Amino acid sequence: MRFLFSLTRTLSWYLVRQRLSGQKRFPLVLMLEPLHTCNLRCEGCGRIREYGGRLEDRLGVAECLAAAEQCGAPIVSVCGGEPLLYPELPELLDQLVARRKYIYLCTNGTLLAQCLPRLPRSRRMMLNVHLDGMETTHDALAGRPGVFSQAVEGIRQAKSAGWLVYTNTTIYRQTDMHEIVVLFSLLSELGVDGMMVSPAYSYEAVQATGPERASEIFLTRQEIQEKFRAGWPMLRRFRLVASPMYMEFLCGRRELRCAAWANPTFNRAGWRSPCYLRADSHYPSYQELLRQTDWDAVGPGRHPQCEHCMVHCGFEPAAVLARKGLRDLLKMLLWQLG
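Residues numbered from 1 in each chain as written. Predicted model: local features only at pLDDT ≥ 70, side-chain atom pairs only at ≥ 80, totals over all residues. Heavy atoms only, no water.

1. Here's the deal with the environment of Thr167
Thought 1: In this fold, Thr167 is placed in strand β5 (residues 165–171).
Thought 2: Overall, Thr167 belongs to the buried group, its relative accessible area being 0%.
Thought 3: Sequence separation between Thr167 and Val311 is 144 residues; the distance between their C-alpha atoms is 16 Å.
Thought 4: Excluding residues that lie within four positions of it along the chain, Thr167 makes contacts with Asn128, Val129, Ile155, Leu187, Val192, Gly194, Met195 and Met196. (Helix = DSSP H or I, 4+ residues; strand = E, 2+ residues; numbered from the N terminus. Buried < 20%, exposed > 50% of the residue type's maximum accessible area, 1.4 Å probe, protein only. Contact = heavy atoms within 4.5 Å.)

In structure tokens form, the structure reads like this:
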């Protein structure tokens, strides 16, 4: 609770300062990918397919910190790849905390139990473990048996050690929302502090492995809305991290315009444009990313690749940044307090 209160207070003041300065576009979360090496090859992930997974093709700590300084976002999501395979991870986390960044350390959880002792502790840091269903479903999507049990054991040990732990769940065409309820019930019993949920995105790199399989796992915009409308009465009782406006968007009850510029991605290739999902180009600096990306060509109805995208990295910041009436402000207040 202290983490969330501190983060909310910092983010609120940050938003006020940015708006008073007249900034039209500014970052909220830096998606930092120090490496693309991973011990899994999950069916819905495009990173290894896009960049390859050689450990030597990783960023140095100095490059990561320079990106955080360039960007200036108050939150850094350390992702990848599998960050727990990054040899310099403890140093990177220490340095980010020293710069007063809030950190989401994203992991598939398979190495979490053995890596916990070497991770620095901070009230500014939380763990984010990816789980896409119960054991049979999650292991099938991850492409290896035993992944679910390793991740659950990692969560159990992290909570026993006093860590703040979130989970991140991707919804696919074959996802049974009743199974997600069972998963979230288990996670609640384990003491997980919050659950993130988002529909899958049809990466070009994933589509290249076979259009038939891609059509089996990815949802259209209409199908996303139908699945979340049906699932919302069951999901709303859990501690969801998603804002009320974003959940209304997923259910088709609210329109949001993609704000991909608020969650910029940096990796070995540079600043990924236009977003965490699409990779039309890469730029050497954050300012070039902002200036040279055609942001008016990003989002549903603006680009064919965006037509069915409703992923949190583009639309959750849009929900946070949207101008709100009194009713929406009350919803946000109750959500933050809850």
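Now that the structure has been shown, the text picks up again.
2. A short note on the side chain of Asn263
Thought 1: Considering the arrangement of structural elements, one finds Asn263 in the loop between α12 (244–250) and β7 (265–267).
Thought 2: Looking at Asn263, the relative accessible area reads 9%, which means it is buried.
Thought 3: Asn263 has contacts with Leu28, Val29, Met31, Cys313 and Pro317, leaving out every residue within four places of it along the chain.

3. Description of the packing of helix α3 (residues 61–71) against helix α4 (residues 89–98)
Thought 1: Relative orientation of the contacting elements α3 and α4 amounts to 30 degrees, with a least axis distance of 10 Å. By the criterion of interaxial angle, the relationship of α3 to α4 is roughly parallel. At the point where α3 passes α4, the crossing takes the right-handed sense. Every residue of α4 that contacts α3 at Val61, Cys64, Leu65 and Ala68 is listed here: Glu91, Leu92, Gln95 and Leu96.
Thought 2: Among the residues making up the contact of α3 with α4, the classes are represented as six nonpolar, one polar and one charged. (Axes fitted to C-alpha atoms, helices over the stretch in contact; angles between N-to-C directions. Parallel < 35°, antiparallel > 145°, perpendicular 65-115°, else oblique. Left-handed = near helix turned anticlockwise from the far one by under 90°. Nonpolar A, V, L, I, M, F, W, Y, C, P; charged D, E, K, R; others polar.)

4. What to know about helix α6 (residues 135–142)
Thought 1: Of the positions making up α6, those classed as buried are His138, Asp139, Leu141 and Ala142. The buried residues of α6 all sit within an arc of 165 degrees when viewed along its axis, so they share a single face. Away from its buried face by more than 90 degrees, α6 exposes Thr136 and Ala140.
Thought 2: Residues of α6 that are buried make contact with β4 (125–130) and α7 (147–160).
Thought 3: Of the residues one or two after α6, Gly143 is the one with positive phi, at around 80 degrees. (Arc of directions from axis to C-beta.)

5. Looking at the packing of aromatic side chains
Thought 1: According to the stated counting rule, one finds seven aromatic pairs in the structure shown.
Thought 2: Ring centres of Phe266 and Trp271 lie 4.9 Å apart, and the angle between their planes is 50 degrees; on these two criteria the pair is classed as tilted.
Thought 3: Take Phe266: its relative accessible area is 11%, and that puts it in the buried class.
Thought 4: Taking relative accessible area as the criterion, Trp271 reaches 0% and is therefore assigned buried.
Thought 5: Taken together, the aromatic side chains of Tyr14, Phe26 and Trp261 make up a single cluster linked through ring pairs.
Thought 6: Here the guanidinium or amino end of Arg47 rests over the ring plane of Tyr276, the centre of that ring lying 4.3 Å away.
Thought 7: Residue placement shows Arg124 over the ring face of Tyr102; its charged tip is 4.5 Å from the ring centre. (Phe/Tyr/Trp six-rings, centres within 6.5 Å; stacked < 30°, edge-to-face > 60°. Lys NZ or Arg CZ within 6 Å of the ring centre and 35° of its normal.)

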